[in-house]
Amino acid sequence: MENPLITIIIPIYNREQTLERCLCSVLRQTYSHLEIIAVDDGSTDHSRVILDKYQKKDSRLRVVRKENSGVSESRNLGLQLARGEYIQFVDADDWITRDATEILLKAMQTGSEMVITDYYRVIGRKIWIKGHIPASSLMSRAEFARYMMKSPANFYYGVTWNKFYRMDIIRDNALFFSRELDWCEDFKFNLEYLKYVSNIRVETRPIYYYVKTKGSLVDSKIDLRETIRTKRILFGYYKELYQALDMYEENKLKIQSFYLEFARDKIKSPVLPEPPLILKGEKIPKKKASPPRPHSGKKTKSDTP
């Protein structure tokens, strides 16, 4: 299809301070054939009011509300409702460049089955360009896996928001976000998705602004027992990928070093001036940690181990 429908899924939980900026960046994309599914995970702040306002303004935005159950359930619900040929994820803390979706689509149409991009890391009014693979290219799954082996816990590989997916691969292989993990469910999703692709398109042009949120899992003390449990579960999927590529025995020690890795994102460029603002005259708000969830403590923004 020359003008395929693209579904953008936005999970939301109490993000009244940043939600409007996020929605504006998505609705103002240069590529307009979009279906935007905003999943409100039981927000108790003014996120509901903001969502209602923008839904009235733009028919492409579909707001879905559910009881609080965590980011995995929100993304899974978005996937169940998606009608698009391709899937893009955006977190309500963050925002994207005006041409983000157009760039992702063009990259996917080079013959790839997944796209991965560099991104901007925002802390206060400073930004860094983050990534891991040095040059844009279309590479095989084995080539991609060799890069990932060097830094498997890098956000670049673990998160969903710097990637672009084919919905037929997700649907045909019944892929979903794990309900058994309180964090790193996005990395598990990516590892499973990679089992079913042959080529990955790497784009070093940053298109996503990831805002460091005070109180995120990276900043908090994570229970050691839960960390070990999560690592053990993830390693099973990680090892399986390399076994499928017939790369495990040759690289066993490197692959097993996954257990010693911790969440990181490599700086590719020095600090840049303050990021461009989406809304005229808008200032980047100081972020607040979300109030505790009433269930297991899952957070809207997930992080890699």
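Our subject is the structure that appears above.
Described below are features of the structure shown in this document. Remember, it's a predicted structure, so these values are computed and weren't measured experimentally.

1. Looking at the sheet that holds strand β1 (residues 6-12)
Sheets are built from strands that pair by backbone hydrogen bonding, the pairs being arranged parallel or antiparallel.
Piece 1. The strand order β3-β2-β1-β4-β10-β6-β11-β9 describes an open sheet built from eight strands, whose pairing is mixed. What marks the edges here is a single partner per strand, and that holds for β3 (61-66) and β9 (137-140). Averaged over neighbouring strand pairs, the angle between their axes works out to 25 degrees when direction is ignored.
Piece 2. Relative to strand β11 (residues 199-203), strand β6 (residues 114-117) runs parallel, the two sharing three bridges. In the sheet register, I116 faces β11, and the bridge partner there is V202.
Piece 3. Lying over the sheet, helix α5 (residues 141-150) contacts β6, β9 and β11, oriented at roughly 95 degrees with respect to β9.
Piece 4. Here helix α8 (residues 185-194) sits on the sheet in contact with β6, β10 (163-166) and β11, set at roughly 50 degrees to β10.

2. Considerations on the environment of S47
Piece 1. Along the chain, the position of S47 falls in helix α2 (residues 47-57).
Piece 2. Taking the C-alpha atoms as reference points, S47 and E16, 31 residues apart in sequence, are found 4.6 Å from one another.
Piece 3. With residues near it in sequence (within four places) discarded, S47 still touches I12, N14, R15, E16 and L19.
Piece 4. A distance of 3.3 Å separates a polar atom in the side chain of S47 from the backbone nitrogen of E16.

3. As for the packing of aromatic side chains
Piece 1. Here the structure, examined in full by the defined rule, presents 18 aromatic pairs.
Piece 2. Measuring from centroid to centroid gives 5.1 Å for Y238 and Y242, while their planes differ by 75 degrees, and the two rings are edge-to-face. Here the residue Y238 and the residue Y242 both occupy positions in helix α9 (residues 224-244), the gap between them amounting to four residues, near one helical turn. In terms of burial, Y238 and Y242 fall into one category: buried.

4. A look at α8
Piece 1. Counting buried positions over the ten residues of α8 gives ten, a clear majority of the element.
Piece 2. For α8, every residue scored as buried is listed here: E185, D186, F187, K188, F189, N190, L191, E192, Y193 and L194.

5. So, the nonpolar core
Piece 1. Residues L79, I87, F144, M148, I170, Y238 and Y242 are the most contacted members of the largest nonpolar core, which totals 44 residues.
Piece 2. When residues of this core are assigned to domains, at least three fall in each of domain 1 (1-94) and domain 2 (97-273).
Piece 3. With residues near it in sequence (within four places) discarded, M148 still touches Y157, F187, L191, L194, Y238, L241 and Y242.
Piece 4. Of all hydrophobic cores here, the second largest spans 38 residues; its members include L34, Y54, Y86 and F155.

6. A look at the environment of I50
Piece 1. Tracing the backbone shows I50 in helix α2.
Piece 2. According to the relative accessible area criterion, I50 is buried, its value standing at 12%.
Piece 3. For the pair I50 and L19, spaced 31 residues apart in sequence, the C-alpha to C-alpha distance is 7.5 Å.
Piece 4. Setting aside residues no more than four positions away along its own chain, I50 makes contact with E16, L19, E20 and L23.

7. Some thoughts on the side chain of T117
Piece 1. Considering the arrangement of structural elements, one finds T117 in strand β6.
Piece 2. Other than its neighbours up to four places away in sequence, T117 contacts L104, Y156, N162, E203, R205 and I207.

8. Some thoughts on the side chain of E113
Piece 1. Topologically, E113 is positioned in the loop between α4 (100-108) and β6.
Piece 2. Here E113 sits buried without a salt bridge, and the closest side chain of opposite charge, R166, lies 4.2 Å off (N-O distance).
Piece 3. In terms of polar contacts, E113 uses its side chain to reach the backbone amide nitrogen of S198, at 2.4 Å.
Piece 4. Separated by 3.1 Å, the side chain of E113 and the backbone nitrogen of N199 make a polar contact.
Piece 5. Excluding its chain neighbours within four sequence positions, the residues that come into contact with E113 are M108, F164, R166, I169, Y193, V197, S198 and N199.

About the thresholds
Residues numbered from 1 in each chain as written. Predicted model: local features only at pLDDT ≥ 70, side-chain atom pairs only at ≥ 80, totals over all residues. Heavy atoms only, no water. Pairing = 2+ DSSP bridges. Helix = DSSP H or I, 4+ residues; strand = E, 2+ residues; numbered from the N terminus. Axes fitted to C-alpha atoms, helices over the stretch in contact; angles between N-to-C directions. Contact = heavy atoms within 4.5 Å. Polar contact = N/O pair within 3.5 Å; in protein donor to acceptor, adjacent residues only side chain to side chain. Phe/Tyr/Trp six-rings, centres within 6.5 Å; stacked < 30°, edge-to-face > 60°. Buried < 20%, exposed > 50% of the residue type's maximum accessible area, 1.4 Å probe, protein only. Core = buried A, V, L, I, M, F, W, Y, C linked by side-chain atoms within 4.5 Å. Domains from an automatic or database assignment. Lys, Arg positive; Asp, Glu negative; His and termini not counted. Salt bridge = Lys/Arg side-chain N within 4 Å of Asp/Glu carboxyl O.

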